[in-house]
Amino acid sequence: GAGVSQSPRYKVAKRGQDVALRCDPISGHVSLFWYQQALGQGPEFLTYFQNEAQLDKSGLPSDRFFAERPEGSVSTLKIQRTQQEDSAVYLCASSPRGNYGYTFGSGTRLTVV
Amino acid sequence: GDSVTQMEGPVTLSEEAFLTINCTYTATGYPSLFWYVQYPGEGLQLLLKATKADDKGSNKGFEATYRKETTSFHLEKGSVQVSDSAVYFCALLPYNFNKFYFGSGTKLNVKP
C-alpha cells in the first residue's frame, strides 16, 4: 500500500481484557518496528522484525506483550490482561532495510478503563 | 546509554516569528539525527535528518545542523506559520542499530 496502515485506530479495553493491534507495512518493506507512545511523551521502542524474524524485543515491558509477524508482512501486537498503564498510542513503522527510510503509521490509541 | 533531551514546551509564537527548539543528545559512536513532526491525531512524519557531523538537514523552511562538538541538533525556522503548529520530536538512531531514541517532544503553538 501507499503507507503503513494500523488498525483499529482507537481501542477501548476493560482492564484484564486481551487486545490485538494490527500493522500492515508498506509492501516489500523488510523491517518492521513497534513503538509505544505514552501521553505527552516521545515514542519508546518495543520490538523489531526483519522479515518474520523478531530480532529485538528488548523494549517489551512485560511478558503480557507479544508480537508476531508470521509471514514477514502483517504484524500483530498482542497485549494480554491489559492494565491501565498500557494506555498509550502504539505506533508501527516499516523500512525497506535496516536503518533508513522509516515510515510511521498513524498509530492505534489504546485506552484501558 | 543513548538518549535525547529537548526543550520542554509548549512554545507559543506569533506568526512570522523565529523558531528555535533545542535538542541535545548522548550517544556512543556516530548516530544519525532526525526531527519528526506530529500533527494532531496523526502519526510521525519525518521533517529532516542528518547522518554525519556538520551535515545540515533542511525541509519546508526548517533547518538543523549536526554539531558533534556540542552534541546538539537544534531545529530552526526563520518565519513560522500557523500551519506549523504541531509537536516536534528530536530523535537519534545509533549507527548500525535499528531503534530510535526519541526526545519527549516540544509542542509548538503559532498564533495568527
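A brief structural summary.

1. Overview of the pairing of strand β4 (residues 31–37) of chain A
Sheet faces and side chains relate simply in a regular strand, where the side chains alternate between the two faces.
All names here are of chain A.
Turning to step 1, where the next piece is worked out: Counting buried positions along β4 gives seven out of seven residues, so the element sits mostly inside the fold.
Turning to step 2, where the next piece is worked out: Here β4 shows a buried face lined by Ser31, Phe33, Tyr35 and Gln37 and a second buried face lined by Leu32, Trp34 and Gln36.
Turning to step 3, where the next piece is worked out: Looking at chain direction, β4 and strand β5 (residues 44–50) are connected through six bridges and run antiparallel. Bridge assignment links Phe33 to a residue of β5, and that residue is Tyr48.
Turning to step 4, where the next piece is worked out: Between β4 and β5, which pair antiparallel in sequence order, lie six residues; one of them, Gly40, sits at a positive phi of approximately 75°.

2. Let's talk about the pattern of salt bridges
Turning to step 1, where the next piece is worked out: For the structure on display, the rule yields seven salt bridges over all chains.
Turning to step 2, where the next piece is worked out: With a closest N to O distance of 3.9 Å, Lys99 of chain B and Asp56 of chain A form a salt bridge. Placement of Lys99 of chain B in the loop between β10 (86–93) and β11 (101–102) and of Asp56 of chain A in strand β6 (residues 53–56) is noted, with the two residues assigned to different chains.
Turning to step 3, where the next piece is worked out: One salt bridge in this structure joins Lys77 of chain B and Asp84 of chain B, with 2.8 Å as the shortest N-O distance. Each member of the pair, Lys77 of chain B together with Asp84 of chain B, is buried.

3. Quick word on the state of the cysteines
Residue and element names in this part refer to chain A.
Turning to step 1, where the next piece is worked out: Counted under the stated rule, the structure contains two disulfides over all chains.
Turning to step 2, where the next piece is worked out: With its sulfur 1.9 Å from that of its partner, Cys23 forms a disulfide with Cys92. Linking Cys23 and Cys92, the disulfide has an S-S dihedral of approximately -70° and is accordingly described as left-handed. A residue pair is termed long-range when its members are at least 10 positions apart, and Cys23 in strand β3 (residues 19–24) and Cys92 in strand β9 (residues 88–95) qualify at 69 residues.
Turning to step 3, where the next piece is worked out: With relative accessibility at 0%, the residue Cys92 sits in the buried group.

4. Observations regarding the environment of Pro94 of chain B
Residue and element names in this part refer to chain B.
Turning to step 1, where the next piece is worked out: Residue position: Pro94 is located in the loop between β10 and β11.
Turning to step 2, where the next piece is worked out: Taking the relative accessible area as the measure of exposure, Pro94 reaches 5% and is therefore buried.
Turning to step 3, where the next piece is worked out: The spatial distance from the C-alpha of Pro94 to the C-alpha of Leu48 is 16 Å, given a sequence separation of 46 residues.

5. What to know about the environment of Lys11 of chain A
Residues and elements named next belong to chain A.
Turning to step 1, where the next piece is worked out: Topologically, Lys11 is positioned in strand β2 (residues 10–13).
Turning to step 2, where the next piece is worked out: A sequence separation of 99 residues divides Lys11 from Leu110, and the C-alpha atoms of the two residues are 4.9 Å apart.
Turning to step 3, where the next piece is worked out: Sequence-distant contacts of Lys11, that is, excluding residues within four places in its chain, are made with Gln17, Val19, Thr108, Arg109, Leu110 and Thr111.

6. Some points on the interface of chain A and chain B
Turning to step 1, where the next piece is worked out: Contacts between the two partners involve 20 residues from chain A, matched on the other side by 21 residues from chain B.
Turning to step 2, where the next piece is worked out: At the junction of chain A and chain B, the tally comes to one salt bridge.
Turning to step 3, where the next piece is worked out: For the interface between chain A and chain B, the tally reads three residue pairs in polar contact (both at pLDDT 80 or more).
Turning to step 4, where the next piece is worked out: If one sorts the elements of the side of chain A that touches chain B by residue count, β4 of chain A sits on top with three residues.
Turning to step 5, where the next piece is worked out: When its residues are assigned to classes, the side of chain A that touches chain B shows nine nonpolar, nine polar and two charged.

Definitions and cut-offs
Residues numbered from 1 in each chain as written. Chains lettered and ligands numbered in written order. Predicted model: local features only at pLDDT ≥ 70, side-chain atom pairs only at ≥ 80, totals over all residues. Heavy atoms only, no water. Buried < 20%, exposed > 50% of the residue type's maximum accessible area, 1.4 Å probe, protein only. Helix = DSSP H or I, 4+ residues; strand = E, 2+ residues; numbered from the N terminus. Pairing = 2+ DSSP bridges. Salt bridge = Lys/Arg side-chain N within 4 Å of Asp/Glu carboxyl O. Disulfide = S-S within 2.5 Å. Contact = heavy atoms within 4.5 Å. Polar contact = N/O pair within 3.5 Å; in protein donor to acceptor, adjacent residues only side chain to side chain. Nonpolar A, V, L, I, M, F, W, Y, C, P; charged D, E, K, R; others polar.

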